[in-house]
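The primary structure of each chain is shown beneath.
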Amino acid sequence: MKNFIVAIDGPAGSGKSTVAKILAKKYSMTYLDTGAMYRMCALYFIENEISIDKKKNIEENLPLINLDIEKDKFFLNGKDVSLKIRTPEVTSMVSYVAKIKEIREKMVELQREISKGKDVILDGRDIGTVVFPDADLKVFLVASPEERAKRRMKDYEEKGIIEEYEKVLASILERDFIDSTRKEGPLKKADDAIEISTDGDTIEETVAKLGVFIGVAKEKKARRENI
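The rules behind the values
Residues numbered from 1 in each chain as written. Predicted model: local features only at pLDDT ≥ 70, side-chain atom pairs only at ≥ 80, totals over all residues. Heavy atoms only, no water. Helix = DSSP H or I, 4+ residues; strand = E, 2+ residues; numbered from the N terminus. Buried < 20%, exposed > 50% of the residue type's maximum accessible area, 1.4 Å probe, protein only. Axes fitted to C-alpha atoms, helices over the stretch in contact; angles between N-to-C directions. Parallel < 35°, antiparallel > 145°, perpendicular 65-115°, else oblique. Left-handed = near helix turned anticlockwise from the far one by under 90°. Contact = heavy atoms within 4.5 Å. Nonpolar A, V, L, I, M, F, W, Y, C, P; charged D, E, K, R; others polar.

Trainee: Can you lay out unusual backbone geometry for me, pointing to particular residues and giving the numbers?
Mentor: Of note, the phi angle at Ser28 is positive, near 50°, even though the residue is not glycine. The topology assignment puts Ser28 in the loop between α1 (16-26) and β2 (30-33). For Glu49, which is not a glycine, the phi torsion comes out positive at approximately 50°. Along the polypeptide, Glu49 turns up in the loop between α2 (34-47) and α3 (55-61). Residue classification places Glu49 among the exposed residues on the basis of a relative accessible area of 75%.

Structure follows, in structure tokens:
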């Protein structure tokens, strides 16, 4: 079978990354965290105190941003930034960075290049609509803003980060608005995507649901290639 692509889209905190990592391991697929790629870009502009409001700044600095991913480690220009990209400061800025056309074009190009000839599972906002519109399986995960805020709070607590629930919820709602209304690659459910709500489900239950769909999609692709 040629490369098999699973695209998982959905709003922030819906469980995309967690589920995708488990599925990748279970089905021996390569997991590509596209959100982390945008977070690394955001961190670059933050650490270098560069305004993203000027197109000239973006054009001059984009060639200087080198990203690398090794399993669960993320490297920005050779430095391990796996923890730094998960801070509230980066989280609050990433949606603004992700809506910039020049940055999205570079990231999409990288995502397609990395995925060539592999069985890959990717998660993000526009994987099934822009990056891989012909993906073998498209899934759109959803969850209530309140549930997603609770999950984000738990993530912060595990990393030793102290944050207020109301502030996290407000950030989730703001990010939903920015992601769904941006001009470049907005958060949108593909017409042929399967929508799954993760509210009230355990990670194991969500993984089981997606596993069924992956199995069906693989069988369909195998039959098509053997015709």
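So that's the structure; there's more coming.
Trainee: Describe the packing of α1 against helix α9 (residues 203-226), with residues and values.
Mentor: In the contact formed by α1 and α9, the axes pass within 10 Å of each other and the chain directions differ by 55°. Compared by their axis directions, α1 and α9 come out oblique. α9 is crossed by α1, and the crossing has right-handed handedness. Where α1 abuts α9, its residues Thr18, Val19, Ile22 and Leu23 lie against Ile203, Thr206, Val207, Leu210, Gly211 and Ile214. Across the contact of α1 with α9, the residue classes break down as seven nonpolar, three polar and no charged.

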